[in-house]
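The residues making up each chain are set out below.
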Amino acid sequence: MVAEHNQMHGFWSSPVSAAMVAEQGKRIRELSCVEHADAGFSLAWVEARPELQGRCIIMRRNAAGEVQELLNEEGLSARSLVNSYGGGALLLTPDAVFFVNHEPSTSNQDQRIFRLPIDHRQNVCGPAEPITKIDACSYGNLSFDPRHQRVVCVREQYLAEGESEQAVVAIHLSESRQGQVDILAEGYDFFSAPELDPDSCQLACVAWNQPNMPWDNTELLLVTLNEQGHADSRRVINESFKEPANHGESIQQPRWDRRGRLHFVSDRDNWWKIYRYDPLNNEILRCFPADSIAFERAEFGLPPWELGVSTFGFSATNTLFGLCVIDGRWQLASLEDVPSADLKNGKSGMQLQRLRLNNTEADVLSHLHVGDSELALIAAGVGESARVALVRETQLIEVADTPDSQLSDTKIDVSEPLSIRFPTGDSGKESFAFFYPPTATSLDHEGIRANGLPPLIIKTHGGPTSASYPQLDWSIQFFTSRGFAVADVNYRGSTGYGRDYRHALYGEWGVYDLADCVACIDYLSEQGQINPERVFARGQSAGGYLTLMLACYTDRLRAGASTAGISDLSLLHAHTHRFEKEYMHKLLNCTPADDERDVYRQRSPLYAKAPSTPLLFVQGSADKVVPPDQTDAILCRLKDEGVDAELLLFEGEQHGLRRSENIEQALLAELTFFQRYL
């Protein structure tokens, strides 16, 4: 009987343990590069370490290929808190590493910028010391002004009653003026991506006001600087394009090429693509072939939840290298230096190529940095988790081993995702997902097939303006190796499929995303891939909300697991931070104050009429986005209704889990909970 039980889907013996998943939870958060005569092309990156309670350490690789921990000290952790999500907390220069400090194991919200001095060989030559004071400010998106010896960044200054204001500032580094601040741009609710031209005479940056999010409508500012580096004048580059046919324009990532020409990413044609600004004729020119089928569905941008997004740059020969996603898979594009007149005439020789990592396709590429003759980026694939790599021709060369490199001697049958698209039932529209079939390393496949079709886990990403990609996710393999199938759904509202698809969820949050998950279940059932009577769901934050919606408003699930999931939209609106304060207005077309149709209540799992699906809640005690009392309310409601509902409360964790022991415990609890209802 034990052997038969172990052949049942969901109960297979697996080499992928929860402890292994927790150990692989290291996340590469940042990447910064510098190239100079003495040290060549050097790299530094930030790793979030679950075994260190989520502390973010700094690693580096010098031009000789040596990899070391550059910073791993108690009380020091490289993470920005601008907009609550941070980004751009690391900056590598020829003689120093700058980072924004945040120690996750304490309540101390430090956020000072520190300088760690390094010598000409990129070796540490002194202690890390702050260049800013402890004050009510966070810093992010760090860049360097060599002409005036300043760190340029976005500063968020916290005011009374949870309010804040942002500006682009420059912080002096010279001994006589260290810590002095010059304000370069202000007057908008939010800023991102400050970039100086090669002569430090002009600053380009992105700005926007509420109720917009950075993937809605932004402005590209061009600030002229005087000899002292002070802001002299400012204008909006895309002012005449504020209301194109698609009712807005999201600009991101201004970049200057080696000849001082300004480029940026814009979704003015529905897809985030690269453009050049021609100041002589005040024109914006396409850098991509307008009539190319290969580039028709390509996007060179990401939703800027975090600062410091980087998907393109320029080599010493002024070749443009860019990363673009097409139908959920990333590729590298290149474009030789092209005169503006040729771009104006529609001539663009941009090329695409797929990159390989350890002889497998690298379908997830990010954080691109372009040196004189080398490219550095973060790469992942179906059989490879995220790692720092260099590009040489079409091969990616690993910079350093990652924890899952230690698994190379372990025989693990990795489930490879199938890219699927399925009808939503809404006027011929379709949505997307990556489907992971169950795998078996050493089981009798005939016996497995005799047990019928596998159960399905619907995995729902957060955001909801985010996306799922086909990269090695050990939490997915944890379930597929035990006999579950997993569908990682890119429902309407996800990024990577154009502006129209990204904005399709506006006004329909909790409706279209829910319908897409149900449509995915139906499609996989019709294709004979899964058992529709044994469907489960798991997700975090907005993904946790969607899990709760599936559980409370449909009868499709046997059970669900929600981590930091939203159950009451009115409470979310009351507690959410400034960056997202107006986001719900976009997602629901109203605020609680003008909610005439009672949308907030109708789309809140807490108020579902007759919930009956068993639910496991995973919650951090220090979560400010979804406080514990919000989860307690729906937990009590479900228990009063006689629904099996359990809570795992982790002391000190915030919005999501960062500590390895908690990740392990939560994953085991999810598996046990799902197995109860197989």
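Residues numbered from 1 in each chain as written. Predicted model: local features only at pLDDT ≥ 70, side-chain atom pairs only at ≥ 80, totals over all residues. Heavy atoms only, no water.

Describe the pairing of strand 16 (residues 231-236), listing the residues and the values that go with them.
Here strand 15 (residues 219-225) runs beside strand 16; their pairing, made up of five bridges, is antiparallel. The partner of Leu225 across the bridge, within strand 16, is Ala231. Count of turn residues in the strand 15/strand 16 antiparallel hairpin: five residues, of which Gly229 carries a positive phi of about 85°. (Pairing = 2+ DSSP bridges. Helix = DSSP H or I, 4+ residues; strand = E, 2+ residues; numbered from the N terminus.)

Before we move on, can you summarise helix 7 (residues 512-526) with the specific residues and values?
The first and last C-alpha atoms of helix 7 sit 20 Å apart over 15 residues, in line with the 21 Å expected at 1.5 Å per residue. Buried within helix 7 are the following residues: Asp513, Leu514, Asp516, Cys517, Val518, Ala519, Cys520, Ile521 and Leu524. (Expected span 1.5 Å × (residues − 1). Buried < 20%, exposed > 50% of the residue type's maximum accessible area, 1.4 Å probe, protein only.)

Please set out the side chain of Asp623 residue by residue, giving values where relevant.
Within the secondary structure layout, Asp623 lies in the loop between strand 38 (615-620) and helix 12 (628-640). Of the buried charged residues, Asp623 lacks a salt bridge, with Arg658 as the closest side chain of opposite charge at 8.6 Å. There is a polar contact of 2.9 Å between the side chain of Asp623 and the backbone nitrogen of Val625. There is a polar contact of 2.9 Å between the side chain of Asp623 and the side chain of His655. Apart from residues no more than four positions distant in its own chain, Asp623 is found in contact with Ala564, Pro628, Glu653, Gln654 and His655. (Lys, Arg positive; Asp, Glu negative; His and termini not counted. Salt bridge = Lys/Arg side-chain N within 4 Å of Asp/Glu carboxyl O. Polar contact = N/O pair within 3.5 Å; in protein donor to acceptor, adjacent residues only side chain to side chain. Contact = heavy atoms within 4.5 Å.)

Tell me what's going on with the nonpolar core, and back it up with residues and numbers.
Counting 90 residues, the largest nonpolar core has Phe300, Leu456, Ile458, Val489, Trp509, Cys520 and Leu588 as the members making the most contacts within it. Residue contributions to this core peak at eight residues, all from helix 8 (residues 542-553). Ignoring sequence-local partners within four residues, the contact set of Val489 consists of Phe422, Phe432, Ala433, Ile458, Lys459, His461, Ser468, Cys517 and Cys520. Membership of the second largest hydrophobic core comes to 26 residues, among which are Val21, Phe484, Val486 and Ala559. (Core = buried A, V, L, I, M, F, W, Y, C linked by side-chain atoms within 4.5 Å.)

Give me the lowdown on the packing of helix 7 against helix 8, citing residues and values where you can.
The contact between helix 7 and helix 8 brings their axes to 10 Å, and the two run at 70°. It follows from the interaxial angle that helix 7 and helix 8 lie roughly perpendicular. Across the interface between the two elements, Asp513, Leu514, Cys517 and Val518 from helix 7 touch Leu546, Met549, Leu550 and Tyr553 from helix 8. (Axes fitted to C-alpha atoms, helices over the stretch in contact; angles between N-to-C directions. Parallel < 35°, antiparallel > 145°, perpendicular 65-115°, else oblique.)

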